[in-house]
Amino acid sequence: MTDPLVIFTPSGKRGHFPVGTPILTAARQLGVDLDSVCGGRGICSKCQIAPSYGDFPKHGVTVSDGALSEWNDVEARYDRVRGLKEGRRLGCQAKVMGDIVVDVPPESQVHKQVVRKAASAKPITMDPATRLVMIDVVEPDMHEPSGDLERVADALRDQWDIGPVTARLPVLKALQPALRKGQWQISVAVHHPANSDKAQIVGVWPGLHEGGLYGLAVDLGSTTIAAHLCDLADGSVLASSGLMNPQIRFGEDLMSRVSYVMMNPGGDAEMTGAVQDALNTLAVEIATEAGVDPNLIFETVIVCNPVMHHLLLGIDPVELGQAPFALATSGSLTMDAREIGLTGIAPTAQAYLLPCIAGHVGADAAAVALAEEPNNSNDLALIVDVGTNAEILLGDTNGVLACSSPTGPAFEGAQISAGQRAAPGAIERIEINPDTKEPRFRVIGSDLWSDDPAFDTVPTGICGSGIIEAVAEMRMAGLLDASGLIGSAEATGTSRAEPTGRTHAYLIHDATDQGGPRITVTQGDIRAIQLAKSALYAGARLLMDQRGVEKVDRVVLAGAFGAHISPKHAMVLGMIPDVPLDKVQSAGNAAGHGARIALCNRAARTRIEETVHNIHKVETAIEPKFQEHFVNANAIPHATDPFPELEQVVTLPEVAFGASGSAPGGAGGGRRRRRRG
Ligand code: FES
């Protein structure tokens, strides 16, 4: 008689096993993805399965009631103490008695898929570099002397096929008490990067460790630092938090910070200390918020631009401020988190920094590439991560190009007269009636438009998405000409166009009688936005030139701010090349997503390390064509490039407010631009 047939779903893997074989053993032999931390001891409950009974013509089997062994004491005890879901069994306890179909539910799969928020985003397959296993360790024997660590290493090799392993002092200190307290049964957190035969024990606990293992995905930006705290077992985000980068006090943009280092000996160490402290504070805060012991954070993945990369590591960034923009290293880095000042988390925690693409295109752009995978796109995708610098990627399966463009902080509401960060009180949406030239707006923290009788919020300023809408709406309402000049009250027919010296400003809201500010869009604001958008568009155009194309198939706006930009307004402004509006997508914080992917899946680290080698880098600062594109992009939407898709949805009024139809100060081309990193 043949042995019973065991079929696993959803994998479809099948095989014959002798009566009495535990399902976990069958799964392991077939390579079925069934989790286990305790190694079949019946205490971790990770191996839960759902047996199915009845006829399965598709599989060619009939499963009878006795196909699995009866509940045993271990399962009964587990059910009594913790509760086992209806229809579930412990895979390490249930034994094969007849033909059986076994479903492995998602939570019991080691390499479970983590669905991401953005509908278009691919799920992450869990395979973190740090995992938890339980082992039985041989007790010491005077006649066969060996150290506890050596016997732990033997157990890891024999029971889990892990090794060779090393351990640092904090683990060695904890090892002996854990072994004795656990009566030679311990849980071990092992860090094992992909493509490496070296594994390191980073945590030990007596018996079964049930407190979990956690990781931090950090997007270290020039202006803000954002972090997600993730459960390394299932990839879930337990808390997200952010704070301002304290280096701002040394300079708003990256090149000011590099200049600070040049002019102040020891300035780099000062900035390194500031950012490391901030990361540490953030890590502890976010763990506290999630109710997680910070000592259980064993991994952190950090993405950042090249200057932040060097300043975090304590490497002098001066070389990045001048051609040829040499990085100390462009490769990925794995190191003890303590080396970069993360002292508030597990003392053995590991840090991983994604590779930089080039001296001016950093690990943040690499993270965007990891999240958005332009290299796997069938259509030509332009991905822009809008921040203090815009990281721009253009590509498809035929190849990917990348550059960084110095947009400055205007898109984030900085350098704007009434600008503020996106926070409650900030105007985030604006519409201007083209006939009456009257505005209405919405403020973060309120769902009402300002012309709603129930609207009673006092606006405090305009955030990045608000200023983009304001400028675009002014252009659409005929308050602003193509050169970027605001018209006078006489020329526009509204008293909201107020004289301010030789130029004009448009009044959005006067909240002075409510104790708030007077919010206007000034000529200076328009200039700041023009410079930012010209830099962004010119960067994109430069990549299109290199690729030899006049148009792209789709545009992806990444970055926290990208999620709030209205595609129509971005196009009216000429921030991005002309594409059908429904081909402008938002990818949310793609750099942060990339960090999370690298945290949850170690193979993704290898993948991005290989991908960045194949990304063609373009340096905007030394490319003469960039200047030409920059000048032409100063007009709203553009001096020379057509915007046929935009014209189908918006008709821009033909107005000109300057004597020659061009704005004072020229088209912006003569203004000295600075690279911001
Ligand atoms: Fe741990 Fe079954 S493997 S309970």
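Thresholds, definitions, all that
Residues numbered from 1 in each chain as written. Predicted model: local features only at pLDDT ≥ 70, side-chain atom pairs only at ≥ 80, totals over all residues. Heavy atoms only, no water. Helix = DSSP H or I, 4+ residues; strand = E, 2+ residues; numbered from the N terminus. Buried < 20%, exposed > 50% of the residue type's maximum accessible area, 1.4 Å probe, protein only. Contact = heavy atoms within 4.5 Å. Areas by Shrake-Rupley, 256 points an atom, 1.4 Å probe, with all protein chains shown as cover. Lys, Arg positive; Asp, Glu negative; His and termini not counted. Charge placed at Lys NZ, Arg CZ, Asp CG, Glu CD. Pairing = 2+ DSSP bridges. Core = buried A, V, L, I, M, F, W, Y, C linked by side-chain atoms within 4.5 Å. Polar contact = N/O pair within 3.5 Å; in protein donor to acceptor, adjacent residues only side chain to side chain. Expected span 1.5 Å × (residues − 1). Axes fitted to C-alpha atoms, helices over the stretch in contact; angles between N-to-C directions. Parallel < 35°, antiparallel > 145°, perpendicular 65-115°, else oblique. Left-handed = near helix turned anticlockwise from the far one by under 90°.

> Can you explain the overall build of the protein? Please cite residues and give values.
Secondary structure assignment for the protein yields 16 helices and 31 strands. For the protein, the C-alpha atoms occupy an extent of roughly 95 × 65 × 55 Å along the three principal directions. Here the protein holds 677 residues, and the buried ones make up 57% of them. Restricting to contacts in the protein with at least 6 residues of sequence separation, those with at least 24 account for 67%. Carbon and sulfur atoms make up 50% of the accessible area of the protein, which totals about 27,400 Å². Within the protein, one finds 57 positive and 79 negative side-chain charges whose respective centroids are separated by 1 Å.

> Pulling in residues and values, what's your account of the sheet that holds strand 7 (residues 100-103)?
Paired through backbone hydrogen bonds, the strands of a sheet run either parallel or antiparallel to each other. The sheet built from five strands is open, its strands ordered 2-1-7-3-6 with mixed pairing. The open sheet has two edge strands with one neighbour each: strand 2 (14-16) and strand 6 (89-90). Two strands pair when backbone bridges link them, and strand 1 (residues 5-9) and strand 2 are joined in this way by three bridges, in the antiparallel orientation. Bridge assignment links Val6 to a residue of strand 2, and that residue is Gly15.

> How would you sum up the nonpolar core? Please name residues and give values.
Formed by 94 residues in total, the largest nonpolar core has its most connected members in Leu220, Ile302 and Leu354. When residues of this core are assigned to their parent elements, the largest contribution, nine residues, is made by helix 6 (residues 267-290). Among residues more than four places away in sequence, those in contact with Ile302 are Val218, Leu220, Leu279, Leu312, Ile340, Tyr352, Leu353 and Leu354. Counting 70 residues, the second largest nonpolar core, distinct from the first, contains Met474, Ala535, Leu543 and Phe643.

> Explain the pairing of strand 10 (residues 130-136) to me, and be specific about the residues and the numbers.
Counted residue by residue, strand 10 has five buried out of seven residues, so it is predominantly covered. Relative to strand 12 (residues 185-191), strand 10 is paired through seven bridges, and the arrangement is antiparallel. Within strand 12, the position partnered with Ile135 by the bridge is Ile186.

> So what's going on with the side chain of Thr494? Which residues, and what values?
Inspection of the secondary structure puts Thr494 in the loop between helix 10 (489-492) and strand 26 (497-500). Judged by relative accessible area, Thr494 falls into the buried class, the value being 5%. Among the polar contacts made by the side chain of Thr494, one reaches the main-chain amide nitrogen of Arg496 at a distance of 3.0 Å. Sequence-distant contacts of Thr494, defined by excluding residues within four places in its chain, comprise Lys437, Leu479 and Ala489.

> Run through the environment of Gly395, naming residues and quoting values.
Considering the arrangement of structural elements, one finds Gly395 in strand 21 (residues 390-396). Assessed through its relative accessible area of 0%, Gly395 is described here as buried.

> Explain helix 6 to me, using residue names and the numbers behind them.
Here helix 6 contains 24 residues, and its C-alpha end-to-end distance of 35 Å stays within 8% of the 34 Å for a straight helix at 1.5 Å per residue. After helix 6 finishes, the residue Gly291 shows a positive phi value of roughly 70 degrees.

> Now, about the packing of helix 8 (residues 363-372) against helix 14 (residues 602-614): what can you tell me, with residues and values included?
Between two packed helices, both the angle of their axes relative to each other and the distance between the axes serve to describe the pair. For the pair helix 8 and helix 14, the least separation of the axes is 10 Å and the interaxial angle reads 115 degrees. In terms of axis orientation, helix 8 runs roughly perpendicular to helix 14. Every pair of crossing elements has a handedness; the one defined by helix 8 and helix 14 is right-handed. Residues Ala366, Ala369 and Leu370 of helix 8 form the contact with helix 14, whose own contacting residues are Ala604, Arg607, Ile608 and Val612.

> Residues and numbers for the sheet that holds strand 26, please.
Strands sit in the order 26-27-28 across an open sheet of three strands; the sheet is antiparallel. Sheet topology places strand 26 and strand 28 (518-521) at the edges, where each strand pairs with a single neighbour. Recorded for the sheet is a direction-independent mean angle of 45 degrees between the axes of neighbouring strands. Direction of pairing for strand 26 relative to strand 27 (residues 503-510): antiparallel, over a ladder of four bridges. Paired with Thr500 across the bridge in strand 27 is Thr503.

> I'd like a rundown of the side chain of Asp525, residues and numbers included.
Secondary-structure assignment places Asp525 in helix 11 (residues 523-547). Setting aside anything within four residues of it in sequence, one finds Asp525 in contact with Gln415, Ile416, Ser417 and Thr520.

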